[in-house]
Amino acid sequence: MSKPLAAALLALALAGAGAAPAVAAPAPAGTATVTAAPAATAASAGTATKDRTATIQAVDFAGTVSLSNCSGSVIRFPNSADSDPALVLTNGHCLETGFPGPGEVIVDQASSRSFGLLNSSGTRIATLRASKVAYSTMTDTDITIYQLTRTYAQIKSSYGISALTVADTHPVAGTAIKVVSGYWKRIYSCNIDGFVYRLKEGDWTWKDSVRYTSACDTIGGTSGSPVIDNATGKVVAVNNTGNEDGERCTENNPCEVDASGNVTVRQGINYAEETYQIPACFGAGNKLNLSASGCVLPKP
């Protein structure tokens, strides 16, 4: 999950912004981070790398948002219409009402949470407001999706900002990525090192998580940041945790569990949760439909 923001600020004061352990920072209740052991290579993770010869997209802060204690982004899906109510993606552990418990799924919960909309240079140019929590969970994944009071067209017309598109295909090991934090107004650059069968932290377990190479040394407050494929400019994951102290499977110290039950701890390595499975769960009008064909998100 993420470490308390106060801890992140102290780490920055003592060590400098680039030296603090990678992680995300949630609401006042809990935290998460990375473990200890050298990061595995993409090859050792058993995943194929992809030849990335496409034109590199310019990745900046446009479309990202800042929350009171986390980061996030205005997102759309491949089939979203400009007239649809816009959505904001962040972590489940960034939910303003506290961490969802194991097995808990929240849908259509009233919310008036505000978000600071950023332009390409990271300047806050507007305040957006939620109408509800469309979906939130920390089971299998770690996501909260807010529905806003404004449409994509209204945001574009008023502020010149387009939403980030969520890719609907599984990410690929070796892909060059950027983790864009609206809270810190900082962009981390690294690669997808591989994928984790199960990532366990405290009472929570996440499936098929993304492991970064060590260059993405995210800190508290980066929770909920979009993970963007450099070549496509699309969101492929949402930043959520890292192992800070080398502990085994505790809060702020997630551990990797393989299909045979073997546990690996990688101190200082950070992780994200994939987002390619989300588009199938939203239909016309950006309406959540957990019974839709291909939707595998946990249900209430």
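Before reading further, recall that the structure is shown in the block above.
Described below are features of the structure shown in this document.

**Let's talk about the overall build of the protein**
- Broken down by element type, the protein carries two helices and 18 strands.
- Counted over contacts in the protein with a minimum sequence separation of 6, partners at least 24 positions apart contribute 71%.

**Focus: the state of the cysteines**
- Inspection of every chain in the model, using the stated rule, returns four disulfides.
- Each sulfur in the disulfide pair Cys70 and Cys94 lies 2.1 Å from the other. Its torsion about the S-S bond being -90°, the disulfide of Cys70 and Cys94 is classed as left-handed. Remark: Cys94 occurs in the loop between strand E5 (85-90) and strand E6 (105-110) and Cys70 occurs in the loop between strand E3 (64-66) and strand E4 (71-76); sequence separation between them is 24 residues. For the pair formed by Cys70 and Cys94, the shared burial category is buried.
- Shown here is the disulfide that connects Cys190 with Cys216, its sulfur atoms set 2.1 Å apart. Taking the sign of the S-S torsion, -100° for the link of Cys190 and Cys216, the bridge is left-handed. Note that Cys190 is positioned in strand E12 (residues 186-201) and Cys216 in the loop between strand E13 (204-212) and strand E14 (226-229), a separation of 26 residues in sequence.

**Digging into the packing of aromatic side chains**
- In total, this model carries four aromatic pairs according to the counting rule given.
- A centroid spacing of 5.2 Å and a plane angle of 75° characterise the contact between Tyr183 and Trp184, whose relative ring orientation is edge-to-face.
- When its relative accessible area of 23% is taken as the criterion, Tyr183 is described as partly exposed.
- When the ring centre of Tyr152 is taken as origin, the NZ or CZ atom of Arg76, which lies over that ring, is 4.7 Å away.
- Positioned over the ring face of Tyr197 is Arg198, at 4.0 Å from the centre of the ring.

Criteria and thresholds
- Residues numbered from 1 in each chain as written.
- Predicted model: local features only at pLDDT ≥ 70, side-chain atom pairs only at ≥ 80, totals over all residues.
- Heavy atoms only, no water.
- Helix = DSSP H or I, 4+ residues; strand = E, 2+ residues; numbered from the N terminus.
- Contact = heavy atoms within 4.5 Å.
- Disulfide = S-S within 2.5 Å.
- Buried < 20%, exposed > 50% of the residue type's maximum accessible area, 1.4 Å probe, protein only.
- Phe/Tyr/Trp six-rings, centres within 6.5 Å; stacked < 30°, edge-to-face > 60°.
- Lys NZ or Arg CZ within 6 Å of the ring centre and 35° of its normal.

Geometric values such as these leave the question of function open.
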